[in-house]
Amino acid sequence: MSTTTEPTRSTTTAARPDAPSPLGWSLAALLREWSARVAAACADVPHGGRGYEVLAAVTHDAPPTQAALAARLGIDRTVMTYLLDELAGCGLVERRPDPADRRARRIVMTDHGRAVLADLDARVHVAEDELLAGLDDAERTALRHLLERAATGAAPGDDRCAVVARAIPAPDGR
């Protein structure tokens, strides 16, 4: 009978201080899987994950102009026009004249858009919990907190919606 045991994944990494850091791989793998799961959770919204990020950006701030929203999220203005056309066509957002500049349009979330966004937020939360299923609730909470703290320290002035919009691949590759 053998008394040796197989090392676990966590002890293997910890036992080899000369091994390459798994941080890059870990973050890339999590981002890849998170992006795929968010895309699946948002598949029924125009432009999927990108449409979700636009809805989130519109609802959490004062109604932005279309140009400001495109700039903030790093989306080409022409692409933003088509994206907003589709979101408006689904009754999720409206374009309203800017009272200060009649040439500009403000993007305003509709009541239907708020309900859809609440549902999307819940679906994304479920997708994240599934992604982190290997961790218990306390570990998930700790990981989320630590990642947010590290990201805030690494990029203190970054707009969170814009960062996520740039990280999620656009369905049309733009």
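The structure this text deals with has already been given above.
Treat the numbers as computed from the prediction; the structure is a model and nothing was measured.

> Outline the overall build of the chain, supporting the account with residue identities and numerical values.
Helix and strand counts for the chain stand at eight helices and two strands. Burial status across the chain gives 31% buried among its 174 residues. Taking all contacts inside the chain whose residues are at least 6 apart in sequence as the whole, residues at least 24 apart take part in 56%. Only carbon and sulfur atoms are counted for the fraction: they give 58% of the accessible area of the chain, which is about 11100 Å².

> Tell me what's going on with the environment of G74, and back it up with residues and numbers.
Its location among the elements puts G74 in the loop between α4 (66-73) and α5 (77-89). A relative accessible area of 46% places G74 in the partly exposed class. On a C-alpha basis, the gap between G74 and V163 in space is 8.7 Å, while along the polypeptide they are 89 residues apart.

> An account of a nonpolar patch on the surface is needed here, citing residue identities and associated values.
A cluster of nonpolar residues, L23, L27 and L147, forms a patch on the protein surface that exposes about 260 Å² of accessible area. Within the secondary structure, L147 sits in helix α7 (residues 137-154).

> For the pattern of salt bridges, give the residues involved together with the corresponding values.
Counted according to the given criterion, the structure contains eleven salt bridges. A salt bridge links R123 to D44, with the nearest nitrogen and oxygen atoms 3.0 Å apart. Note that R123 is positioned in helix α6 (residues 111-131) and D44 in the loop between α2 (23-41) and α3 (48-60), a separation of 79 residues in sequence. Residue R123 is classed as partly exposed on the basis of its relative accessible area, which comes to 27%. Ionic pairing is found between D129 and R140, a salt bridge with its closest N-O pair at 3.7 Å.

> Go over the environment of S21, please, and point to the residues and values.
Mapping S21 onto the fold places it in the loop between α1 (9-15) and α2. Of the polar contacts made by the side chain of S21, one reaches the backbone nitrogen of L23; its length is 3.2 Å.

> Tell me what's going on with the pairing of strand β1 (residues 93-98), and back it up with residues and numbers.
Bridging between β1 and strand β2 (residues 101-109) involves six bridges; their strand directions are antiparallel. The partner of D98 across the bridge, within β2, is D101.

> Any details on the packing of α4 against α5? Residues and values, ideally.
Where α4 meets α5, the axes come as close as 9 Å, and the angle between the chain directions of the two elements is 115°. Of the possible angle classes, the one that applies to α4 and α5 is roughly perpendicular. Considering how the two elements wind past one another, α4 and α5 form a crossing that is right-handed. Residues Q66, A67, L69, A70 and L73 of α4 form the contact with α5, whose own contacting residues are R77, M80, T81 and L84. Looking at the contact of α4 with α5 residue by residue, the class counts come to six nonpolar, two polar and one charged.

Cut-off values and rules
- Residues numbered from 1 in each chain as written.
- Predicted model: local features only at pLDDT ≥ 70, side-chain atom pairs only at ≥ 80, totals over all residues.
- Heavy atoms only, no water.
- Helix = DSSP H or I, 4+ residues; strand = E, 2+ residues; numbered from the N terminus.
- Buried < 20%, exposed > 50% of the residue type's maximum accessible area, 1.4 Å probe, protein only.
- Contact = heavy atoms within 4.5 Å.
- Areas by Shrake-Rupley, 256 points an atom, 1.4 Å probe, with all protein chains shown as cover.
- Patch = residues over 30% accessible without salt bridge, like charges linked within 9 Å, V, L, I, M, F, W, Y side chains within 5 Å.
- Salt bridge = Lys/Arg side-chain N within 4 Å of Asp/Glu carboxyl O.
- Polar contact = N/O pair within 3.5 Å; in protein donor to acceptor, adjacent residues only side chain to side chain.
- Pairing = 2+ DSSP bridges.
- Axes fitted to C-alpha atoms, helices over the stretch in contact; angles between N-to-C directions.
- Parallel < 35°, antiparallel > 145°, perpendicular 65-115°, else oblique.
- Left-handed = near helix turned anticlockwise from the far one by under 90°.
- Nonpolar A, V, L, I, M, F, W, Y, C, P; charged D, E, K, R; others polar.

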